[in-house]
Structure formats: C-alpha cells, structure tokens
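Listed below, chain by chain, are the residues.
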Amino acid sequence: MWKEIGDREMGKIRPNSFSSQIKSNRISNLQLSNNKDIVSPHRGSVNSLQVDLTEGRYLLSGASDASAAVYDVQRATDYEGNGLIAKHKCLFSVDKQHEKGHKYAISSAIWYPVDTGLFVTGSYDHYVKVWDTNTTQVVMSFKMPGKVYRTAMSPLATSHMLIAAGTEDVQVRLCDIASGAFAHTLSGHRDGVMTVEWSTSSEWVLITGGCDGAIRFWDIRRAGCFLVLDQSQSQLGRRPPVLARSAANKVNVSKSLSAGQNSLGKQRAPQKKVSNGHGMKQSTIGRMPTKGSVRQRLHPGMLSIQDRATAHYGAVTGLKVTDDGMYLLSAGSDSRIKLWDLESGYNTLVNFEVVRLQTSKAIQLAISQDSAQVFVPCMTVVKAFDVWSGKMSLAFRGHYESVNCCWFSSQDQELYTGGNDRQILVWSPCQPIPDDTDAGRVKDEDNWSD
Amino acid sequence: MKALSCCNLQWIRSSLSSKSALLSAEQVGVAMPMVHDKKHENTYTRTFLGVEYIHSDVEAQRQQHEKLKQRLYALPAIVPNISKMDKASLLGDAIAYNINELQAKLQIMEAERETFGSTSRVSPGLDPNKNAESRIRGPNITLQAVDDEERGKVGTLIEKATNSTAAEVDPRLLKAIKSVVRSSDSELRLAAHTLMDLMKRDHSQVRYLTLLIIDELFMRSKLFRTLLVENLDQLLALSVGFRRNMPLPAPPAIASTLRSKAIEFLEKWNASFGIHYRQLRLGFDYLKNTLRFQFPNLQETAARIDRERRERERRTREILQNKFETLKTNFSSVKEEIRATVDEIRQCLDIVRTKEECMPPILLDDEDFVEFRPAELRQIRLDSLKEGEKVHENNDNKVVFDALRELYKLLVTKHLASVQERISLLIRVEVADNRSRDSMLKELIDIRNSLMSVKKDCEESGCALPRTAKNNEEEEDFWEEGNFGSTENEITTEPGKHKEVESSNAEEKSKSIEDRNFKKSNKRSESLAKVPASSKVKAKDKDCSNLSSKGKETLGSENSVRSELLAEAPVLKWGSFLDNWGSVSNRDTLANQKGLELDNHWGRVDYDAVIPAEKIAELNLQATIYQEKLGEIQPCRAPLNKGALCQRRDLKVCPFHGPIIPRDDAGNAINQNSSTEDTDPDSGSDLVEQLAKQAVKNVREQDKEEARKRKLAKQSLQREKLAKVREHNEAVLRDAAMASTSISAAFGEDMGETVGEGSVARRNKQTLASMLRKKVTTKDRLSQRLLNTRATDATIRQMTQGEDATYKEAFPNQW
C-alpha cells in the first residue's frame, strides 16, 4: 500500500488506477465486521437491501414480516462493549402497524434514485407503494394483478420516473410516479416475472427475467421486446477491450468461428456503442436478416423461434447488469450463473463454481464497482466470484439460513447481506485496531493455565 | 511497561524455541559431560604443575565452592528460562524446568506410546470393535491410514482421546494435547482441523468428546478461536443439530447430552468472547431468538438466586427489627404481667405449704429407723417418706390447687414460650445500640430462670400432671387408683398401724413399679401380663382390704382363666364354618335371596327355594388338609472329587452317589449293616474268629472301596476332558456360524454368557460400535418371532384353511 502511495506521489500511476487498486485490495480483504452491527428490527427474512445512490449512507431493507426499515450505515446509534461494537439501529421502520403499511411480505424495497426523499416497496399483497421518507407516509400506491416479486427504477433516468414491477402476472407493468398510473404493460413472458432490472447504459432499456426462464429486453419507447437471451447461443469468453479490438479483429473471427458460432454479431460489434437502447436495437434488428431463415415476426422485431428462447432452465431468479452496461449476470433456479454479452446477446460460457442457489425466491446479486467481482448468495453462504473467470475468490459464512440479498456499497467497500435468519450482516475490509488502554473489558488473548 | 512485556514475550518465545532444540534427554546428557571435562582438565593441570595441595579444610571448602559455582554456571546453557543469575533462582528455575517441563514431555510420550502400542497390539483385522468402527467411518478409513503421518502428534492424540466410551476426556490425554498444541501454531491449526473433522463423524459419542476438547482449547487459545468461529455455523449444526437435514447421530441419549453441552458452551463462549467475535454473537442470537433454544443461562440464574437470597435476608431482618421495636415498647408491661403470675403462684404455693406444715412432724418418726432392719427396706421407706412429704390435694386445698394449676398452665404455655421466643429474637436481631439489647436479654434470661424455678416448684408440689398421663390413660388410671388408695391409707390409718401398712404399701409400690416396667416392655399382651402381678397382689395383699384391690382381684382371676384357656385353645385357619360358630342353626335358609328380602323391583322372592339346614351344615363342615411335617432332608455327604462333600438333598437316593446313608465327616459311610451283622453272630461261640473274619472283611472292603474310588476318579477325569473338548468344539462352531450377520453376532454374544468367561469379558467391554448397536428388547425378540416369514405364512395358511373349511361346510354340494 505504501508503495502505491509512493508511486502515486511520484506520478507513476494515475489517480483512477490508484484508487481502483486500493479498492480491489480492500475488497479482497472483506470479512465479517465485528465492530459494525446492524440491529435488524425484522421478524421475518430480509428480502431486499439497498443503500441509497445519492449519499451512500442510508440502507433500506425490506422483510417478510411486511416491514421496511432504514439504517444509517455511517453513524452508529449507540455503542457496546466499551465502544468496540457500533450498533446501527434503524432510523425508522414501517410495518403492519402502519395504517397504510403492507399486509404481507415486502419482496422489494428500493430508493428513489434521485434523492432519499422517497422509497418504493413492492409486496406480496399485490401493492407497490411509494413512501415519503421524512413523514413515513404512503404517497402513492399501485395495485398490481398479483404478488410483486421485484421493483426497479432506472438509476440514469432523467426523462421518466417509472417503476418497473415484476409480478406473478405475465405482464410487466411500469408505474409512473408522476401520474400515478400504469404507463406501460409489457407482455411477452409466459410466466410470472421474478426480476426486473434497468439497463445501466440506456434509460429506456428494461431487462426482465421470468419464471419461464427467459430474459427479455424491452425498449420502453417501442412495442414489444427486442431481445430474448438464448442459452444455446454462446461465444467463448469476453470481448477484447475496444481499443485493442480493431487490431485483433481477425484473430477474433477465427476464434469465434472455431467455437462454431455465428460470428457476424462479433464482427459488427465494434461498430458503435451508443448509450441509448436505440442503437442497440438497431444492431439487433440489423442482425436478424442475416440469419435469414425465418422472416416472419411474432412481435415487432422478434422472430418466433427467438421468442421462445430461454436463458435458464427453470426460473430466472436474479439479474445484474455490470456498471458499464455491457454485460449481464443472471442467476437461475438451475443453480447456474451466466454472464451475457449484451452487445451480441450471447452466453459467454463463463463457468461460475456455484454449488447451489436458492430456487424459490428471487435473489439479489451485487457487483463491485469496477465489475471485477460479483457477490452471489448461495444458500447460507455469499460467494464472491471473479466476473470474467468465474473463479470463486471469497466465501462469506455467517448466516445461519439462506441468504436472499446482498448489496455492495462502492463508497466504503462494504457488503451488506440479508437472509432468512432475519439478520443483516456487514462485511467490511478491515478491522480498526482496538486500543489496549481500557482495562475494563475482557482481553481476547491466549490464556493457558498449565 | 508494554514495551517491556513485549520484549519479555519475545524472549520467552526464543527461549521456547531453544527449549525445543535442547529438549531431548540425551542432549542434556551430552551437555553435562562437557562441563565435567573442563573441570578435570583444570584439576589435572594443577597437579601436573606440581602445585602442592593444601589439605586443609579451608582449601577443600574453597574447592567445593568452586566446583559448585562452575556447575551452577553450566546450568543456564541447558535450562532455557533462567530469570536471574543468583544461585537460588538458578536452581529454582532448573528445578521448575526439569520437573514440570520434562514431566509434561513424559506425559506426551507416554500417551503416544500408548497409542502406538495399542495399534500395534491389536491387529485391525481381528478386533471386532475396530471392524465395527471402520464400518462406521466408511470410506474414511483408507484415507486415515494415509494421512496419519501428516496429521502428526496432535491428530493421533485427539483421535485417541475421542475414541472412548467415557463421559469425560481422559485428563492425561487432554493435558498432553494442550501442551502439544501450545508449542506451535501449526499444531494448533492441525488440531482445529482434526477436531472439525471429528465433529463430522457419525457418532454422537465421538462428537461429544471432540466438543469437550474444543471447549478446552477455545477457552485458551486465541488462534484456535479465530479458526473455529470461521466455521461456527457448521460446528453448531454438528453439535446442536439445528438443521433438519443434519440431525445428530446415534446413540440418542448421548446426542441429547451433546446438544445441551453445546448450548451451554455456546453461552459460555458468548459471555466471555462474544464481544470479539461477531460470529459467536450471531450464533448465540440465532439459536436463542430465532430457534428459541433454551439456554441454561447460568450466570443470570446464579445472580437471580443470589438476589433472592439477599432479599429474603433483608426481609427477615426487617421483621426482626419490627418485633424488636414492639418488644422495646411493651417490655415493661410484659415483665409486669409475668411477675404478677409468678407472685400469684408463689402465694398459692405458700398457702399449700403452710397447710401441710402441721402434718409432716407426725409422720416423721425418727425412732422407726432404728427398728427397721434391712437396708433396702429402709431405702424404700425413705422414698415413701419423701413421697409422703409432698403436698397432696384434698378437699381442703382443692381450690388452691385448681388456681395453681391454671396459673401453671398459663406460665408454661404462654409466658415461658413467649420469653423463649423473645430471647431468640434478641439473639438474632441486629440493632445499632447493643447495650439496650444486652440489658434486655439479660433481664429476659433472668425472668426465664425464675420462671423455670417456679415451674419446678409447681411440679414438685404436684399440681402439674406428669407428662405420661396423657399417653396411656387407661393404664395410668388403674395405677393411680392404686396410688391414691395407698396414700389415703397412709393418711387415714393410725400411727400405730402405720408401720405395717407402710411396709405393705412399699411392697405394693415396688411391685407396681416392677409391673409397670414389665408392661412397658410388652404392652400388647397387656391383659396377660397383668395376670401374674395381680395374682401376686392377691396372694400377699390380704390384710389390705380395699375396694380397689378387690376389684383388682376379680379382674385378675378373670384374666387368669382367660389366659389358661388361651394357652390351650387350638389355632384354626379361617373358613366359612366359623361364620356361625357355636350357634346351632336348624333353620332353612332361603336360596339366592341375599338382598332380596323385600319383594321389590329386584324381582320376586321365591320363598319355596330353600336350602335345608342339614345341607348347610354339610356345607359348613370343617375341612382340613393333611399337612406333612417337614423334616429336614439330610444331605448326601458323599465325598466329591474336589474334596468337599456332596450337598445334594434327596429323600432317599442321590442320583450321583446312590442311596443316602449316614456318613462320617470325611464322607465315608458308617456301616450300619456291620453292626447289625455283628449282633447276629454274637450268639455264636468263637468271638475271636469272628473278629478276625470281620477284620479281614473290613480290610478287603476298604481295598475294594479304594480301587473303586480310583476308577471313579479316572472316569470322571476322562469325562471332564471330553466335556471340555466338546465345549471347545461347540464354541468354535458357534463362532463360525455367528460371524456372518450382526444380529446373529449379538445373539451369539447373548449365548456367550453361558459359555465361558472370555466371551463375557468381550461382551462387557464397551466400544463406540457397541454403543450404536441397538439393544435387543423382549419386544424385538417377540416381533422377530411373530413377524418372520415362516410364522406369517403359517398363520395365513391356517386362516385360509379355516375359510376353506367354513366355505365347504356352507356349500357342501358345490364343487
């Protein structure tokens, strides 16, 4: 670490790489934090965790006992054990006792991406509710046709305020906070929608994963979905970085040919990477005719054969887009995690060494900010995988029952995990060295009597 | 200070490492001679140089000193942890090192040797326990042999410690494990690893012992704690068994103790180290709040009990204080009251005494002493005189006595008790000023003493009834009557007659005393016991013509008749004939009419249905069964091979030794026949010839007997040998047959009990495998009997047969 600082001082390394080095170093040292306790008020399993996107300070959790709570993760409410253990009690919580609270389990709780003044909860009682944080009152509520599995708001949206809600129903609905009504109804899935995720590269692109095993991409400005991921369409490995791309083009072609795959998408890949979905869509549309076999469209922009493609056997339980919006990680009830190249729509065949995933519930994946590590709840353990190689780098053991959700706070490199054992655990890089001055408490030392 | 301690630590560590380098015994041995050599050289050079030795004591002492010093300085080289360089501490450290460290070492070595010895002694193929265990372990066994070396000392030690059926870890092994683990971190890691592996074993006993070891190490080593809490959820799942898919293995009894122990340990760990390990807190919290396990809560319960005790004490103190206050306020009044009572009693006593004053001088005749001859009589008389001296109640002083009694009662029941109580209160109470309490206490004790004396006075004066009066009233009434009579005698008779009466009275009294004793000994046969005494009274007490004695007489005579009859009467067993004993009934009885005397809803009574009287008499006939008198059956007493006598008791013929005949102590038959034979030819003329013949005959018989005995002995020996061989064969066959299945093995062991001691011993030795084996209960055996296929087939066959038969019967003409 000192060497890096020295290098930085000398100007040998750039600020970005310096900070990313430090951060990745810290991430590799994550362990269960002894001095940071989040006191969970929940009496049911914790289903959803999110730290707000503006300050990185307030943690929002939603649990099966129909309660949601907010914690301040920066400042502890009280201390225990002579200041050794910082207890973070919830700042407030809303539960069944609240006059307009949810009746059944809250499956998803998310912050309004612009500020911390609002948060959104989706529940098994068929409602999506928007709360005012300061008054803890329901501002708005949307009645859904079925249990709500997951809600999402686009972190980059500037022109819309839509809550995408995946429910038991086959249709994905977009709830408009501005108007208080459903703006869109997206139909295409053949079963309930387990997870929804907004693209991190375009504010118009929504990704949904359903119980039918399909992952669909929607451009909310147009009708129908424009891409369904197919697990049988695969490419080997990740694309080379854009800069080295043109030079290594030929090699790439041969490689992808050898993999027995359609290399057309690959070749066209470098053409452009626009930050809105339009370009993406065009590329896919442009790709279709080259396939050439079937020209008829079921949905606008979709071939019928493509429409039935599946990304996983069984349900898709979790989705996470990388920070740059180029790749998608998906978890399925077939206990697989797949890395998708969004540009080509192909499975990259990265093997993640997962043993078992929870199948009955939607799980929440987390990804570190430089997209190097993905944190996956695998039953009682949370595992950290290298995104590109699929190698497991860390395993976080601490929960006594299945873990449902995890959230990585990129600001202070902390991982929050919530599970069926009602606990919210904090995993932090290093333990501050306790000062030995106070003699009052029990020392943690060897004591051999004989 | 910190720096110093740190440096100290480092020093210790380095010394530890040096210790491990220098530890072995031969190295110690090597180091010592080196020193010696130097010394020798030294002395040698001196002599070589021709320096004259001064053989004075001083010189010798100096040399001795020098030698000592040299050797002492050699010590630090071999003893690693020397704290100071003065001689005392040098020696002390050396001792500590030698004795303590090396002893620990020795223990380890011994434990090791044991493990190796046991493994070498028991070849794995032959030992059934080992086999069973390998079955338990399953595929592990092959791996175990391989990683035995890499598991190292700790591994083998732990393995050995957990391979037992005891409820505790062998303390010696535990100590060895601790000292090994302490020596290095790698060993500790190894130990943690091994222990976690052992926890996965499919046997609760192994897990239990492992858990005990884990606890020992957990409380001591920080590194061990950090290693363990990483996998705490696994450890808890294996020891508490809270995961439904991972229940605790058999045997269930030990599994439950394992669970409770694990919960207890978790609580302890959490209490002492929870602050440093989030995992511990999490585990504790999960088990307690989510799974709602009942933790023993040792600390809290102890605190609660303590608190309760203190509370109780405080309350009692308060109550005492209150009582003390009240006592303080009304102490004087109480005192007054008591004093008043006491005064009254005194007055009453005075009155009684003065009344009696006039009588005693008449009664006391000094000259009588001279006339009375024997000492014992005089003694008796003295007693009686004393008795007479006492004040007795009569018509005159009845009122006074009544008052006295009442007062006495009051005194005993109320005042004395209350005073007692107050004294105890004063003793127990804690107050600020001790002086007032002491003075009160003193006064109270005085009062009590005076009360006691008054009570004694009262009792002496006779107003108080003796205690025994309540116990057996009838008796006491009887005897008091007698006493009363005698006292009346005493008072009313003339002085002249007085002597005789007195003597007779005394006699009577002594008798009565004796009689009372007698009665106490057997109160049950009260009436019987009275008989002789009263008869004696009747005999001797003629001049004393009292009504009471007459009454006694009649009673006595009646008693005597009864006792005689009782002695004669036969004992009968109870029977129905005793129902109307003595009353000859000639009436017919109604048959079957008990409870139906009235013609009511039970039904009509048939008055014609009667049982004739003779029939009833017949029914009530007394029937007895002949009971043979059981004589003692004599033992056979024939001599056995062992040398003892046959103790079989048969009526006539012992199955082994023929007819039972009287024998002498050695077991030889006492020849009765010969005596009868002897008597027969006694009539013959030549006695000498007879005798000679008899002698020859005797000798021959003896010879024959001996030969027969020898033969018998040989035969029995042979038989024994054969039996042994057969037994052996049977055992071998059985073993061979049983070896195939586990059930039959168990069965064979059951049989083994009867076969020989070896198999019994094998069975008694408990192993881990045997703990797992299910105990065969009666139910199991029965079910085995009933549910095996042959039995079920048979029952099914029978049932179908029965059905067929019924069918055939029902439809005989269908085929």
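See the structure above.
Below or above, wherever it landed, is the structure these notes cover. (Residues numbered from 1 in each chain as written. Chains lettered and ligands numbered in written order. Predicted model: local features only at pLDDT ≥ 70, side-chain atom pairs only at ≥ 80, totals over all residues. Heavy atoms only, no water.)

Once that is clear, we can look at the overall build of chain A. Each helix and strand counted, chain A has seven helices and 31 strands in total. Taken across its 450 residues, chain A has 56% of its residues classed as buried. (Helix = DSSP H or I, 4+ residues; strand = E, 2+ residues; numbered from the N terminus. Buried < 20%, exposed > 50% of the residue type's maximum accessible area, 1.4 Å probe, protein only.)

This brings us to the sheet that holds strand S20 (residues 225-228) of chain A. Residues and elements named next belong to chain A. A sheet is described by the order of its strands in space; here four strands give the open sequence S17-S18-S19-S20, paired in antiparallel fashion. Looking at strand neighbours, the two that pair on one side only are strand S17 (193-198) and S20, the edges of this open sheet. If you compare each strand with its neighbour and ignore which way they point, the axes differ by 25° on average. Direction of pairing for S17 relative to strand S18 (residues 205-210): antiparallel, over a ladder of five bridges. Bridge assignment links threonine 195 to a residue of S18, and that residue is glycine 209. (Pairing = 2+ DSSP bridges. Axes fitted to C-alpha atoms, helices over the stretch in contact; angles between N-to-C directions.)

Residue and element names in this part refer to chain A. Of all six residues making up strand S4 (residues 58-63), six are buried, and the element is well covered by its neighbours. Here S4 shows a buried face lined by Tyr58, Leu60 and Gly62 and a second buried face lined by Leu59, Ser61 and Ala63. With five bridges joining them, strand S3 (residues 46-51) and S4 adopt antiparallel strand pairing. Bridge assignment links serine 48 to a residue of S4, and that residue is glycine 62. Adjacent in sequence and paired antiparallel, S3 and S4 are bridged by six residues, among which glycine 56 carries a positive phi angle near 70°. Where S4 meets strand S5 (residues 68-72), five bridges bridge the pair, whose relative direction is antiparallel. Note that in S5 the partner of glycine 62 across the bridge is alanine 68. Taking the residues between adjacent antiparallel strands as the criterion, S4 and S5 are bridged by four residues, where alanine 66 takes a positive phi near 65°.

Next up on the list: the pairing of S17 of chain A. Most of S17 of chain A sits inside the fold, with six of its six residues counted as buried. The antiparallel hairpin formed by S17 of chain A and S18 of chain A contains six residues in its connecting segment.

All names here are of chain A. In this structure, threonine 121 sits in strand S10 (residues 118-123). Only 2.7 Å separates the side chain of threonine 121 from the side chain of histidine 102, close enough to count as a polar contact. In this structure, threonine 121 is in contact with Ala68, His102, Ile106, Ser108, Ala109, Tyr127, Val128, Lys129 and Trp131, ignoring residues within four places of it in sequence. (Polar contact = N/O pair within 3.5 Å; in protein donor to acceptor, adjacent residues only side chain to side chain. Contact = heavy atoms within 4.5 Å.)

Turning our attention to the packing of helix H19 (residues 398-428) of chain B against helix H20 (residues 434-461) of chain B. Two numbers describe a pair of packed helices, the interaxial angle and the distance between the axes. Residues and elements named next belong to chain B. Interhelical geometry of H19 versus H20 gives an angle of 150° and a closest axis separation of 9 Å. Looking at the two axes, H19 sits roughly antiparallel to H20. Helix-helix and strand crossings are classified by hand; for H19 and H20 the assignment is left-handed. Along the lines of polarity and charge, the residues of the contact of H19 with H20 split into 19 nonpolar, three polar and five charged. (Parallel < 35°, antiparallel > 145°, perpendicular 65-115°, else oblique. Left-handed = near helix turned anticlockwise from the far one by under 90°. Nonpolar A, V, L, I, M, F, W, Y, C, P; charged D, E, K, R; others polar.)

Moving on to the interface of chain B and chain A. On the chain A side, the residues contacting the 32 residues of chain B number 30 residues. Across the interface of chain B and chain A, roughly 2700 Å² is buried in total on both sides, 48% from carbon and sulfur atoms. For the pair chain B and chain A, the number of links is two salt bridges. A salt bridge links aspartate 37 of chain A to arginine 278 of chain B, with the shortest nitrogen-to-oxygen separation between them at 2.5 Å. Taken together, chain B and chain A are joined by 10 residue pairs in polar contact (both at pLDDT 80 or more). When residues of the side of chain B that touches chain A are assigned to their parent elements, the largest contribution, nine residues, is made by helix H13 (residues 278-290) of chain B. For the side of chain B that touches chain A, the per-class residue count stands at 12 nonpolar, eight polar and 12 charged. (Buried area = accessible area lost by both parts, 1.4 Å probe. Salt bridge = Lys/Arg side-chain N within 4 Å of Asp/Glu carboxyl O.)

We now examine unusual backbone geometry. Of note in the backbone geometry, histidine 126 of chain A takes a positive phi value of approximately 75° without being a glycine. With respect to the helices and strands, the residue histidine 126 of chain A is situated in the loop between S10 and strand S11 (127-132). Its identity is not glycine, yet arginine 292 of chain B carries a phi of approximately 60°, on the positive side. Tracing the backbone through its elements, the reader meets arginine 292 of chain B in the loop between H13 and helix H14 (298-329).

Note: strands within a sheet are paired through backbone hydrogen bonds, in either parallel or antiparallel orientation. Residue and element names in this part refer to chain A. Taking strand neighbours across the sheet as the criterion, the four strands line up as S3-S4-S5-S8 in an open arrangement whose pairing is antiparallel. In this open sheet, the two edge strands, each paired with only one partner strand, are S3 and strand S8 (90-94). Across this sheet, the average inter-strand angle for adjacent strands is 15°, counted without regard to direction.

Okay, the environment of proline 377 of chain A next. All names here are of chain A. Assignment of secondary structure puts proline 377 in strand S26 (residues 373-378). Along the chain, proline 377 and cysteine 406 lie 29 residues apart, while their C-alpha atoms are 7.2 Å from each other. Excluding its chain neighbours within four sequence positions, the residues that come into contact with proline 377 are Leu357, Ile363, Gln364, Leu365, Val382, Val403, Asn404, Cys405 and Cys406.

Between its first and last C-alpha, helix H12 (residues 252-273) of chain B extends 31 Å over 22 residues, near the 32 Å set by a 1.5 Å rise per residue. Taken together, the buried positions of H12 of chain B are Ile254, Ala255, Leu258, Ala262, Ile263, Phe265, Leu266, Glu267, Trp269, Asn270, Ser272 and Phe273 of chain B. (Expected span 1.5 Å × (residues − 1).)

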